[in-house]
Amino acid sequence: DVTFLGFNMRDPVVGHLPGDEDGNRRRRLLRRAIALAYPWDRWFDVVRNGAWAVRAQSCLPPGLREAAAAPTGEWTAGPDLEGAAALLAEAGWPGGRGLPGLTLEEAGTGSASRTASLLLKDAMAKIGVEIRPIANTWPQFDAKVKGRSAQMFRMAWRLDYPDAENVLMQFYGPNA
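Residues numbered from 1 in each chain as written. Predicted model: local features only at pLDDT ≥ 70, side-chain atom pairs only at ≥ 80, totals over all residues. Heavy atoms only, no water.

Below, the discussion takes up the pattern of salt bridges. For the structure on display, the rule yields 8 salt bridges. Here Asp 22 ties to Arg 25 by a salt bridge, and the two come within 3.4 Å at their closest N and O atoms. Of the two residues, Asp 22 and Arg 25 both sit in helix H1 (residues 21–37), 3 residues apart, roughly one turn of that helix. The partly exposed category is assigned to Asp 22, whose relative accessible area is 47%. Residue Asp 163 pairs with Arg 65 through a salt bridge whose shortest N-O separation is 3.6 Å. (Salt bridge = Lys/Arg side-chain N within 4 Å of Asp/Glu carboxyl O. Helix = DSSP H or I, 4+ residues; strand = E, 2+ residues; numbered from the N terminus. Buried < 20%, exposed > 50% of the residue type's maximum accessible area, 1.4 Å probe, protein only.)

This is the structure:
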């Protein structure tokens, strides 16, 4: 499976809005700062018990034959709090000043969801980004994501078959 942090690309704080070139540049820097500050190693240790997950270097799971040839990005290099803070400052929110708090919709109310939310909340606080986790039942979460009212969310995709197509089709526009 692939577990990821998703952004509502229609959201005015974290998304990409048609015709807003400068705002889109700033929001892209914000998304990159969040990715760069993400506590990947801590997440694997705590949420996956340090044993039953392999960190991906791209959007493809490492177990796929195509994963080795997939391009990687700086979002996989973290955590790099200094780099994340620099991106946030470049976006116009040094130390998070002026940036509204962000909501993170969780697809559960159990301890695993709470733990993962707190890891993200604590990591983002180190660069000045306030995260407000919201626990949801699955129907609530699903309605928010599908209705595009979720600002940020964590989700997983369990592959139906072991091929890159199975992951990449999730990012294909008509499948949104």
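By the bridge criterion, 6 bridges tie strand S1 (residues 2–7) to strand S4 (residues 152–157) in an arrangement that is antiparallel. Each bridged residue has a counterpart across the sheet, and for Gly 6 the counterpart in S4 is Phe 153. Two strands pair when backbone bridges link them, and strand S2 (residues 102–106) and S4 are joined in this way by 2 bridges, in the parallel orientation. Paired with Leu 104 across the bridge in S4 is Met 152. (Pairing = 2+ DSSP bridges.)

Once that is clear, we can look at the environment of Met 124. For Met 124, the position within the fold is in helix H4 (residues 111–125). Judged by relative accessible area, Met 124 falls into the buried class, the value being 0%. Residues Met 124 and Leu 17, spaced 107 residues apart in sequence, show a C-alpha to C-alpha distance of 24 Å.

With that out of the way, let us pick up the confidence of the model for the protein. For the protein, mean pLDDT is 86; residues scoring 70 or higher make up 93% of the total. Of all the helices and strands in the protein, helix H2 (residues 40–46) carries the lowest mean pLDDT, 76, while S2 carries the highest, 95. (pLDDT = per-residue confidence, 0-100.)

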